[in-house]
Amino acid sequence: MGFLSTLLGIIGFGIGTSVGLLVGFFLLIYSKPKPVKEPITRSIYELDNDALLDILPDIPLWVKRPDYERVDWLNKFVTDMWPYLDKAICAQIKSITEPMIAEYFGKFQIEAFEYDHLSLGTIPPEIHGLKVSETNEKQLVLEPAVRWAGNPNIVLALKLLSFRVTLQLIDLQIFMAPRITLKPFVPTLPCFATVAVSLLEKPDVDFGMNILGGDIMAIPGLYQFVQKTIKRQVARLYIWPQTLEMPILDSATVAVKKPVGILHVNVVRAQKLIKKDLLGTSDPYVKLKLTGESLPAKQTTIKKRNLNPEWNEKFKLIVKDSESQVLQLQVFDWDKVGNHDRLGMQFVPLKHLTPYETKEFKLDLLKHTYSYDPRDKKQRGKIVVELTYAPFREDIIKLEGTQDGYGRKESGLNGGYSKSEAYSGAGLLSVLVQGAEDVEGEHHNNPYAVVFLRGETKRTKMIKGTRDPVWNEEFHFMLEEPPLNEKIHIEVMSKRTGFSFRSKEHLKNVDINLIDVVHNDRINQKYHLIDSKNGVIHAVIKWTTA
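Residues numbered from 1 in each chain as written. Predicted model: local features only at pLDDT ≥ 70, side-chain atom pairs only at ≥ 80, totals over all residues. Heavy atoms only, no water.

Colleague: Honestly, the overall build of the protein in this entry has me stumped. Any pointers?
Modeller: Along its length, the protein carries 8 helices and 28 strands. Of all intrachain contacts in the protein linking residues separated by at least 6 positions in sequence, the fraction that spans at least 24 positions is 68%. Roughly 30300 Å² of accessible area belongs to the protein as shown, and the carbon and sulfur atoms make up 53% of that amount. (Helix = DSSP H or I, 4+ residues; strand = E, 2+ residues; numbered from the N terminus. Contact = heavy atoms within 4.5 Å. Areas by Shrake-Rupley, 256 points an atom, 1.4 Å probe, with all protein chains shown as cover.)

Colleague: Even after reading the chapter, I still don't get the pattern of salt bridges, so can you show me in this structure?
Modeller: Once their charged atoms are close, side chains differing in charge can pair, the charge on each being opposite to the other. For the structure shown, the criterion picks out 17 salt bridges. Lys458 is the salt-bridge partner of Glu456, the closest N and O atoms lying 3.6 Å from each other. Salt bridges linked by common partners bring Asp438, Glu440 and Arg467 together as one network. (Salt bridge = Lys/Arg side-chain N within 4 Å of Asp/Glu carboxyl O.)

Colleague: How should the pairing of strand β11 (residues 261-271) be read in this particular structure?
Modeller: Across a regular strand the side chains alternate sides, sitting on one face of the sheet and then on the other. For β11, a buried count of 8 out of 11 residues is recorded, marking the element as mostly surrounded by other parts of the structure. Where β11 meets strand β18 (residues 382-391), 10 bridges bridge the pair, whose relative direction is antiparallel. Across the sheet, the residue bridging to Asn266 is Glu386, located in β18. In this sheet, strand β14 (residues 310-319) lies alongside β11 in antiparallel orientation, the contact comprising 8 bridges. Within β14, the position partnered with His264 by the bridge is Lys316. (Buried < 20%, exposed > 50% of the residue type's maximum accessible area, 1.4 Å probe, protein only. Pairing = 2+ DSSP bridges.)

Colleague: I would appreciate a short explanation of the sheet that holds β11 in the present structure.
Modeller: Strand pairs in the sheet, formed through backbone hydrogen bonds, run parallel or antiparallel to each other. In spatial order, the strands read β14-β11-β18-β17; together these 4 strands make up an open sheet with antiparallel pairing. Only two strands of the sheet have a single neighbouring strand rather than two, namely β14 and β17 (359-364). Each strand axis lies, on average, 25° off the axis of its neighbour in the sheet, ignoring direction. (Axes fitted to C-alpha atoms, helices over the stretch in contact; angles between N-to-C directions.)

Colleague: Teacher, can you tell me more about helix α4 (residues 72-102) here?
Modeller: Because an α-helix completes one turn every 3.6 residues, residues spaced three or four positions apart along the sequence face the same direction. Taking 1.5 Å per residue, 31 residues should reach 45 Å; α4 reaches 42 Å between its end C-alpha atoms and fits that length. Maximal helix bending in α4 amounts to about 60°, located at Trp82; proline Pro83 follows within four positions. Listing the buried residues of α4 in full gives Trp73, Leu74, Asn75, Val78, Trp82, Leu85, Asp86, Ile89, Cys90, Ile93, Thr97 and Ile101. (Expected span 1.5 Å × (residues − 1). Bend = angle between axes of the 7 residues up to and from the residue.)

Colleague: How should I be thinking about the packing of aromatic side chains in this particular structure?
Modeller: Taken as a whole, this structure holds 2 aromatic pairs when the rule is applied. Between Tyr285 and Phe332 the ring centres are 5.7 Å apart and the planes differ by 20°, which places this aromatic pair in the stacked class. Of this pair, Tyr285 sits in strand β12 (residues 284-290) while Phe332 sits in strand β15 (residues 326-333); the two residues are 47 residues apart in sequence, bridging distant segments of the chain. Just as Tyr285 is buried, Phe332 falls in that class too. The side chain of Arg147 reaches across the aromatic face of Phe175, ending 4.9 Å from its centre. Positioned above the aromatic ring of Phe477, the side-chain terminus of Lys458 is 5.5 Å from the ring centre. (Phe/Tyr/Trp six-rings, centres within 6.5 Å; stacked < 30°, edge-to-face > 60°. Lys NZ or Arg CZ within 6 Å of the ring centre and 35° of its normal.)

Colleague: Please clarify how the environment of Met345 should be interpreted in this entry.
Modeller: Examined against the element boundaries, Met345 turns out to sit in strand β16 (residues 341-349). Taking relative accessible area as the criterion, Met345 reaches 2% and is therefore assigned buried.

Colleague: For this particular structure, what's the right way to read the nonpolar core?
Modeller: Generally speaking, nonpolar side chains in soluble globular proteins are found buried as a group. In terms of nonpolar packing, the biggest core is built from 33 residues, with Leu120, Leu172 and Phe207 touching the most fellow members. At the level of secondary structure, the elements contributing two or more residues to this core comprise α4, β1 (110-119), β3 (140-149), β4 (153-160), β5 (163-176), β8 (204-211) and α5 (222-238). (Core = buried A, V, L, I, M, F, W, Y, C linked by side-chain atoms within 4.5 Å.)

Colleague: Whenever I open this one, the sheet that holds strand β26 (residues 504-513) confuses me. Can you help?
Modeller: The antiparallel open sheet is built from 4 strands, whose spatial order is β23-β22-β25-β26. The outermost strands of the open sheet, each flanked by one partner alone, are β23 (456-459) and β26. Between one strand and the next, the sheet's axes are offset by a mean angle of 20°, whatever the strand orientation. Direction of pairing for strand β25 (residues 487-495) relative to β26: antiparallel, over a ladder of 8 bridges. Bridging across to β26, Ser494 finds its partner in Glu505.

Colleague: What am I meant to see in the environment of Leu140 here?
Modeller: Examined against the element boundaries, Leu140 turns out to sit in strand β3. For Leu140, a relative accessible area of 16% gives the class buried.

By themselves, these are just geometric observations and shouldn't be taken as functional.
Below, the structure is given as structure tokens:
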């Protein structure tokens, strides 16, 4: 029974997913459907009560519910593509079910298994309506109502105790309401990386099964038992919030480096630095940054006339890849005039660090990057630093992968870390300013956003000539404790590109309480700008503890 549930689930999901991909493809290309020839219709008053009651269940959702759209154009496309979809779905059925059946060889006296015939027939599924939903996330949600009364030809042959037994699936009918999510949006065709499919309710499945020429579904009580079992099995696997996720693009192609932890750096001291000043001394300071990072380097204070400076200054750096990033340390001699002379440099790969374990490094300063030139005999001194890598605590979401790369995603209601940990200790506040709507200046519309928090200021790029800018820029604030009683201030400004006495214009602002972000870990919301008629700004704010 589990195999039959899987087989019907694959058929239904193959049809639903294929429909969803076709819908997503067309929504990316066409702004509106092509006109189609209207079918012959009859007025309702021409039908009697019995006729009306008979047709009510078959009335398409786009008639009964205004949020569903009519998609005759898509049904026409599915009809034309059905011979090819049939082969693709059947190939998927074979690749998934054959290894499952192979596990039973030797059990239940099964000696062999094969498909005598495997075809979904000539009748394609019909989409009775399509609901398209927009969310604050970078995704598109499609909810088609799919009905399929097909004529499949599915014949399985089993060899039991040296006897060959055939099973034939007949009169298959499926009605289901899948939710198909195309996510996340990426700047690479087809412009989404993953298709996630789930069922909003238990599907209606009706079929017959012939064994040795007879329909076993005619046995009293067996039909109801099989129906109940299939619905329960499919519901356990695919009813929302369970999802079936299928990658469309390689994760390496669309991967965006996100912060994974914080590197705590304590620049302790330097010893026996070389002399660069005329008076036989130096004015050293240290610059430090992680490779692959575009942010400005951190810098210690300047120790005047000191070849053995003591700093004991602490810094925090955002880590995006603990396996490949390297801490770069450079010691300079400060000069009041001209360029500062570099006294030496060193590197520490983060992969040498153990999470949450402080490690001290005493490093010989080098002249060049990774330079161990035997001709360079000059001693440049040492630098002493203490490093601690603290990865972020993220909720653990279990993924069950299959051999074809598909994965069923659990709801993720369990796991993760306690809230008490989120309310104490240092962490990272990430602010993604996605865009704004209906922002209008009196003199010009070249908007940009400015984010203020604890004296730090971050600014997006300027978008020229628009009232609905899309920035999609993320900023990070490292904080010593959770911002439970603080607000983040975001202003939308406009700047004239040419010369003007009114070069900047204030397009309103918003203050966002961060206590909700700490309590919920992440907030994705559109905020109305204060004193603006219709202006809103879309921001995603996340708090992650280390």
